[in-house]
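What the coordinates show
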Amino acid sequence: FVSMGILSAAMGLLAAVTSGLLAPLNSYIFLAYALGGAGIGSFEGNVLSAFTCLGPQTKQYAVMGMPIGVASVTIGAFLLRYLGVPVCAIYAGMVLALAASALLLHAAIPREAMHPPGEGRQLMAHQPTVVFGLRTWLSWLPSTWTRFAAAFADMAILEMFCPGLLL
């Protein structure tokens, strides 16, 4: 939910800039894209880990759904622009779509999916997951550098060649 909130903040900021509510300063654009990158980067891994306990078929549909969703939004946005819809309305629509998605995720995903099974489950039983993660950072942080490098390269290439930047 945090990543969806971050993405909503990015889209809201872009909506405010493109509607003229905020001056088109480079700092706003940088912040919007930084928030967007953080939101996208944290969303994919969290959703896939939440769906893991629901079985491989669920995970397969989630993996297929992500590019379909991205393509739908990108192609749909260009279609809306062709039809004369203002860019700020498209960004505002994305904020509403993210809010609806968060409500659907909250209502439709079983509670077991929100708490991953595994060896650390007994340790996590008495403390929130974030607190547990912060207390045991030395056990997981060193192994994440390859994921960081891959995600960094992926997002850099995506941002350089993304047709959505043309909006």
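So, here is what we can say about the structure in this document.

1. Things to note about the overall build of the chain
- A tally of helices and strands in the chain yields 9 helices and 0 strands.
- Walking the chain from its N terminus toward its C terminus, one meets helices and strands in the order α-α-α-α-α-α-α-α-α.
- With 167 residues in all, the chain has 20% of them scored as buried.
- In the chain, 62% of the contacts between residues at least 6 apart in sequence involve partners at least 24 apart.

2. Here's the deal with the nonpolar core
- One finds Leu-7, Met-11, Leu-13, Leu-14, Ala-15, Ala-32, Val-87, Tyr-91 and Leu-98 forming the largest nonpolar core, which totals 9 residues.
- Only helix H1 (2-19) and helix H4 (87-108) provide two or more residues apiece to this core.
- It is H1 that provides the largest number of residues to this core, a total of 5 residues.
- Residues within four places of Met-11 in sequence aside, it is in contact with Tyr-91, Met-94, Val-95 and Leu-98.
- Membership of the second largest hydrophobic core comes to 6 residues, among which are Met-4, Val-47, Ala-62 and Leu-105.

3. A look at a nonpolar patch on the surface
- A cluster of nonpolar side chains, Leu-79, Leu-80, Tyr-82 and Leu-83, forms an exposed patch at the surface whose accessible area comes to about 480 Å².
- Tracing the sequence through the fold places Leu-83 in the loop between helix H3 (56-82) and H4.

The rules behind these values
Residues numbered from 1 in each chain as written. Predicted model: local features only at pLDDT ≥ 70, side-chain atom pairs only at ≥ 80, totals over all residues. Heavy atoms only, no water. Helix = DSSP H or I, 4+ residues; strand = E, 2+ residues; numbered from the N terminus. Buried < 20%, exposed > 50% of the residue type's maximum accessible area, 1.4 Å probe, protein only. Contact = heavy atoms within 4.5 Å. Core = buried A, V, L, I, M, F, W, Y, C linked by side-chain atoms within 4.5 Å. Patch = residues over 30% accessible without salt bridge, like charges linked within 9 Å, V, L, I, M, F, W, Y side chains within 5 Å. Areas by Shrake-Rupley, 256 points an atom, 1.4 Å probe, with all protein chains shown as cover. Salt bridge = Lys/Arg side-chain N within 4 Å of Asp/Glu carboxyl O.

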